[in-house]
There are 2 protein chains.
Amino acid sequence: MATKLECAINCLVEVFHKYSLTGGHPHALSREQFGKLLEKECSEFTKKSKKTVPEFMKELDINQDGFINFEEFLILTLKMVIEHHEDSHKE
Amino acid sequence: MATKLECAINCLVEVFHKYSLTGGHPHALSREQFGKLLEKECSEFTKKSKKTVPEFMKELDINQDGFINFEEFLILTLKMVIEHHEDSHKE
């Protein structure tokens, strides 16, 4: 049986594929797919950041191909987890 | 209610604290605490890597203080998630 950490790791991959496999390039998120992921999976983080989808795209799309690949998506998750860790010490 | 992605993010912080808060410095894992985390939370990844606890420490302890802090722990989780993502495309 997978541990909590292993489940979390699996989940990060599953969430990315949930949106990347809905059409277009299977290994990358279009702006539309990425916008849906932000809205459906991390709306609280997105709202708090006060950034728009194009602003997030600009920040994360390191290779500037107009898509968010898995490694670029991981930058988003790192930002989320660092913020959540900081918040956990404010509580 | 938290989404799957938010749960995964929370989980990464919880797993770190589960071991860091068992004694000593609350914001960092001693070699012993880190060894327990590797054994209990990601034994499959650890075995596959064929690395010992001291080898993992050497690789992750960027500031070389003899402890694994939260950011250093995130490097481990990134390695796990990148490996899991690659494996998902081999299946």
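Structure shown above.
This one's a predicted model, so the numbers in the text were calculated from it and none came from an experiment.

> Got a minute to help me understand the overall build of chain A in this structure?
Of regular secondary structure, chain A possesses 5 helices and 2 strands. For chain A, the α and β elements follow one another from N to C terminus as α-β-α-α-α-β-α. Against the globule reference of 12 Å for 91 residues, chain A gives a C-alpha radius of gyration of 14 Å, in line with a compact fold. Referenced to the eigenvectors of the C-alpha coordinate spread, the extents of chain A come out at roughly 40 × 35 × 20 Å. Taking all 91 residues of chain A together, the buried fraction comes to 44%. Taking the intrachain contacts of chain A between residues at least 6 apart in sequence as the baseline, contacts between residues at least 24 apart amount to 42%. Here chain A carries 12 positive and 16 negative side-chain charges, and the mean point of each set is 6 Å from the other.

> Can you walk me through the packing of helix α1 (residues 4-20) of chain B against helix α5 (residues 70-90) of chain B in this structure?
For any two helices packed against each other, one specifies the inter-axial angle together with the distance between the axes. All names here are of chain B. With their axes 11 Å apart at the nearest point, α1 and α5 run at an angle of 120° to one another. In terms of orientation, α1 and α5 fall into the oblique class. Of the two elements, α1 crosses α5, and the hand of that crossing is right-handed. On α5, the residues touching Leu12, Val13, Val15 and Phe16 of α1 are Phe70, Phe73 and Thr77. For the contact of α1 with α5, a count of residues per class yields 6 nonpolar, 1 polar and no charged.

How each quantity is defined
Residues numbered from 1 in each chain as written. Chains lettered and ligands numbered in written order. Predicted model: local features only at pLDDT ≥ 70, side-chain atom pairs only at ≥ 80, totals over all residues. Heavy atoms only, no water. Helix = DSSP H or I, 4+ residues; strand = E, 2+ residues; numbered from the N terminus. Rg over C-alpha atoms; globule rule 2.2 N^0.38 Å. Buried < 20%, exposed > 50% of the residue type's maximum accessible area, 1.4 Å probe, protein only. Contact = heavy atoms within 4.5 Å. Lys, Arg positive; Asp, Glu negative; His and termini not counted. Charge placed at Lys NZ, Arg CZ, Asp CG, Glu CD. Axes fitted to C-alpha atoms, helices over the stretch in contact; angles between N-to-C directions. Parallel < 35°, antiparallel > 145°, perpendicular 65-115°, else oblique. Left-handed = near helix turned anticlockwise from the far one by under 90°. Nonpolar A, V, L, I, M, F, W, Y, C, P; charged D, E, K, R; others polar.

Functional significance is not addressed by these values, which are geometric in nature.
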